[in-house]
Amino acid sequence: QEDGYVRLLRRQVQEMFRSSRMVAVCQYNSMPDEDLVAMRHYLRKHNIEVKFVLNEVGWADPGGKGASWLAPDFIPRCLSQIVRPVLEQSKWKNLLPLFVCRNILLVSPETRAKEMLRVLKRIPQVNLLGACIDDTILSRQGVENFARLPSLETSQGHTVGALALLPSQTSSLLQRGLSFLTVLLEEHIRRLRDTDTPGEPPGEQSTGGH
């Protein structure tokens, strides 16, 4: 029965990594229950969930909530039983060195790095160690750099704006080129006329002699 439960928890860990575009690994230091509740509340406002990872057998449940991966978002087994076997055989194996002592995972189906950092800035008991964002392993500095990037919507808006300008700019350049060519042709024709008509044509002079 225990082995079956462990397998169930491993499948849930696998599903969490597969369905989350952002999985951040943090070091967790004990904090008052009300601070923990407040942290989870602020993170949930940005669609970020908190998962506690028990890395050491015998570590008490935070706040005495009765650890469970299913309901209160706690993992009731040590790292070697649940998380490590999952990560060792996956593309997220480079995250394993970040799992030391007590950890929490901040997971989201969206890339909410900027919002996550804003919340963690007010919580010194939780230290970001690294993250996997869109299947890319990032250090803490990498996460901070990622958070400074413009959002996808902003980038798409800039791209659409730039593409919308291209036809008008192309048309303007073509019109400018045609206008310049017209001026050159008119000037060329004017010079030809000035060269070909210094006086009266010879035919008209001979007619006048008769």
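Residues numbered from 1 in each chain as written. Predicted model: local features only at pLDDT ≥ 70, side-chain atom pairs only at ≥ 80, totals over all residues. Heavy atoms only, no water.

> How should the sheet that holds strand β2 (residues 49-53) be read in this particular structure?
Backbone-to-backbone hydrogen bonds pair the strands of a sheet. The strands run either parallel or antiparallel. Read across the open sheet, the 5 strands follow the order β2-β3-β1-β4-β5; overall the sheet is antiparallel. Each having just a single partner strand, β2 and β5 (136-139) make up the two edges of the open sheet. On average, each strand axis in the sheet is tilted by 25 degrees relative to the strand beside it, whichever way the strands run. Where β2 meets strand β3 (residues 103-108), 5 bridges bridge the pair, whose relative direction is antiparallel. In the strand pairing of β3, K51 is matched with L105. Across the sheet, helix α2 (residues 33-44) is in contact with β1 (22-28), β2, β3 and β4 (126-133); its angle to β2 comes to roughly 135 degrees. On the sheet, helix α5 (residues 140-148) packs against β4 and β5 and is oriented at approximately 105 degrees with respect to β5. (Pairing = 2+ DSSP bridges. Helix = DSSP H or I, 4+ residues; strand = E, 2+ residues; numbered from the N terminus. Axes fitted to C-alpha atoms, helices over the stretch in contact; angles between N-to-C directions. Contact = heavy atoms within 4.5 Å.)

> How do you make sense of the packing of helix α4 (residues 113-120) against α5 when you look at a structure like this?
Following both chains from N to C, one finds α4 and α5 inclined at 120 degrees, their axes separated by 8 Å at the closest point. By the angle between their directions, the pair α4 and α5 is classed as oblique. At the point where α4 passes α5, the crossing takes the left-handed sense. Between α4 and α5, the residues in contact are A113, K114, M116 and L117 and V143, E144, F146 and A147, respectively. Considered class by class, the residues forming the contact of α4 with α5 number 6 nonpolar, no polar and 2 charged. (Parallel < 35°, antiparallel > 145°, perpendicular 65-115°, else oblique. Left-handed = near helix turned anticlockwise from the far one by under 90°. Nonpolar A, V, L, I, M, F, W, Y, C, P; charged D, E, K, R; others polar.)

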